[in-house]
Amino acid sequence: AKARMTSREPVALITGASAGIGLELARVFARNGHRLAVAARRGERLEALADEIASAGGPRPLVLAIDLERPDAGDRIDAALVDNGLEPQFVINNAGFGLVGPAEMRDRAEQLAMIELNVRTLTDFSLRWIEPMTRHRGGLLNVASVAGFIPGPGSAVYYATTAFVASFSAALHQEWRERGVRVTA
């Protein structure tokens, strides 16, 4: 493991920043003066976002074109951050997807991939950078859904993953309050 330096520049790390909520959150964080690291599979969309932010006068975001379902995604992102002298002050876990249809009719591998991204990757990224989030008095934003509060026949696995996100985030909110790290879902 690489030695941790405390002099790295704080960034807002945003997953799923190539479209939708993640794209809009990236714009909001950039407008509010944050340096960004943006991660998603679609590198060309991330590059367009980075160009947009840089042309508006903000610091160019670090573009991390990576499949976040990969078990080594966190290690790869951490290495890229270290290599660029950056560390997360804010972690925005926005990447995720849902599938519609009865569970027994959907492809099992697709449903397991959904759990991998929506639960395992989100948990990894939530816990991985607690030290810099604490040092910079930052925060964690896990994008969940109201679907997490009810059962979801027809989208059973998706509803269950977002229930995990809501419950996990509420627990971290309590645990990390004393550290000065804000946790929101």
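The structure under discussion appears in the preceding block.
These lines cover the structure that appears in this document, whether it is placed above or below. Keep in mind that what you see is a predicted model, and the values were worked out from it rather than measured. Numbering of residues begins from 1 in every chain and follows the order in which that chain's sequence is written. Totals for whole chains, interfaces and linings use all residues, but because this is a predicted model, local features are given only for residues with pLDDT of at least 70 and pairs of side-chain atoms are given and counted only at 80 or more. Side-chain figures throughout are based on the complete set of non-hydrogen atoms in the structure, without hydrogens or water.

### Digging into a nonpolar patch on the surface
Put simply, the test is: Here a patch means residues that are over 30% exposed by relative accessible area and free of salt bridges, tied together within 9 Å if like-charged and within 5 Å if nonpolar (Val, Leu, Ile, Met, Phe, Trp, Tyr). In these tables, accessible area is a Shrake-Rupley quantity obtained with a 1.4 Å probe, and a residue counts as shielded only by the protein chains included in the view. The salt bridge definition used is simple: a Lys or Arg side-chain nitrogen within 4 Å of an Asp or Glu carboxyl oxygen. Runs of H or I in DSSP of at least four residues are treated as helices and runs of E of at least two as strands, each being numbered from the N terminus.
A contiguous nonpolar surface patch, about 380 Å² in accessible area, is contributed by V146, F149 and I150. The residue I150 is located in the loop between β5 (139-142) and α6 (156-176) in this model.

### Overview of the packing of aromatic side chains
The geometry of an aromatic ring pair is captured by the separation of the ring centres together with the interplanar angle, meaning the angle of the planes. For clarity, the threshold we go by: Classification of ring pairs rests on two measures: the distance between centres of Phe, Tyr or Trp rings, Trp counted by its six-membered ring, which must be within 6.5 Å, and the angle between planes, read as stacked under 30 degrees, edge-to-face over 60 and tilted in between. For a Lys NZ or an Arg CZ to count as sitting over a ring, it must be within 6 Å of the ring centre and within 35 degrees of the ring normal.
What the rule picks out here adds up to 4 aromatic pairs. Pairing Y158 with Y159 gives two aromatic rings, centres 6.1 Å apart and planes at 85°, and the pair type is edge-to-face. Directly above the aromatic system of W129 lies the positively charged group of R128, at a separation of 5.7 Å from the ring centroid.

### Quick look at the pattern of salt bridges
Put simply, the rule is: Each residue is assigned to one of three classes by its accessible area relative to the maximum for its type, calculated with a 1.4 Å probe on protein chains only: buried under 20%, partly exposed between the two thresholds, exposed over 50%.
All told, the structure shown has 13 salt bridges when counted by the stated rule. Linking R128 and D75 is a salt bridge whose minimum nitrogen-to-oxygen distance equals 3.0 Å. Of this pair, R128 sits in helix α4 (residues 108-128) while D75 sits in helix α3 (residues 73-83); the two residues are 53 residues apart in sequence, bridging distant segments of the chain. A salt bridge links E116 to R120, with the nearest nitrogen and oxygen atoms 2.4 Å apart. Linking E116 with R120, this pair stays in helix α4, spanning 4 residues, or about one helical turn. A residue is classified by how much of its surface remains accessible, and E116, at 23% relative accessible area, is partly exposed. Here R120 falls in the partly exposed class, since its relative accessible area comes to 29%.

### Brief notes about the sheet that holds strand β1 (residues 9-15)
What counts is decided by this rule: Criterion used throughout: strands pair if DSSP finds at least two bridges between them. Orientation is described by axes fitted as lines to C-alpha atoms, over the contacting stretch for helices, and by angles from 0 to 180 degrees between their N-to-C directions. What makes two residues a contact is simply this: any of their non-hydrogen atoms within 4.5 Å.
On the basis of which strands lie adjacent, the open sheet formed by 6 strands has the order β3-β2-β1-β4-β5-β6 and parallel pairing. Edge positions in the open sheet fall to β3 (62-65) and β6 (182-184), since each of these has one partner strand only. The average undirected angle you get between the axes of adjacent strands in this sheet is 20°. Lying over the sheet, α4 contacts β1, β4 (86-93) and β5, oriented at roughly 140° with respect to β4.

### Digging into the environment of W129
We apply this condition: Under this definition, polar contacts are N or O atom pairs within 3.5 Å; protein pairs additionally need one hydrogen-donor-capable and one acceptor-capable atom, and for neighbouring residues in sequence, both atoms have to be side-chain atoms.
By secondary structure assignment, the location of W129 is in the loop between α4 and α5 (130-135). Overall, W129 belongs to the buried group, its relative accessible area being 1%. Setting aside residues no more than four positions away along its own chain, W129 makes contact with L13, G74, I77, D78, L81, P88 and V91. Here D78 takes part through its side chain, which lies 2.8 Å from a polar atom of the side chain of W129.

### Side note on unusual backbone geometry
A positive phi angle, close to 50°, is found at R137, a residue other than glycine. Residue position: R137 is located in the loop between α5 and β5. With a relative accessible area of 54%, R137 lands in the exposed category.

### Some details on the layout of surface pockets
Put simply, the rule is: Within this scheme a cavity is a closed region of a 1 Å grid, computed over the protein atoms alone, that accommodates a 1.4 Å probe without allowing it to escape, whereas a pocket is open but has protein on both sides within 12 Å along at least five of seven lines; lining residues each have an atom within 4 Å of a point. Grid points are joined across faces, edges and corners, and a volume is the space filled by probe spheres set on the points. Polar here means any residue outside two lists: the nonpolar Ala, Val, Leu, Ile, Met, Phe, Trp, Tyr, Cys and Pro, and the charged Asp, Glu, Lys and Arg; Gly therefore counts as polar.
Taken as a whole, the largest pocket spans an internal volume of roughly 550 Å³. Lining the largest pocket are 28 residues, and of these N94, A95, G96, F97 and L117 lie nearest its centre. Where the lining of the largest pocket is concerned, the elements lending two or more residues are α1 (20-31), α4 and α6. At 4 residues, α6 tops the list of elements feeding residues into the lining of the largest pocket. Residues that form the lining of the largest pocket fall into these classes: 13 nonpolar, 11 polar and 4 charged.

### Re the pairing of β4
The buried count for β4 comes to 8 of 8 residues, which makes it a mostly enclosed element. Direction of pairing for β1 relative to β4: parallel, over a ladder of 6 bridges. Its bridge partner being in β4, V11 is matched across the sheet by P88. Taken together, the 4 bridges between β4 and β5 define a ladder with parallel strand orientation. Counterpart to V91 in the pairing with β5 is L140.

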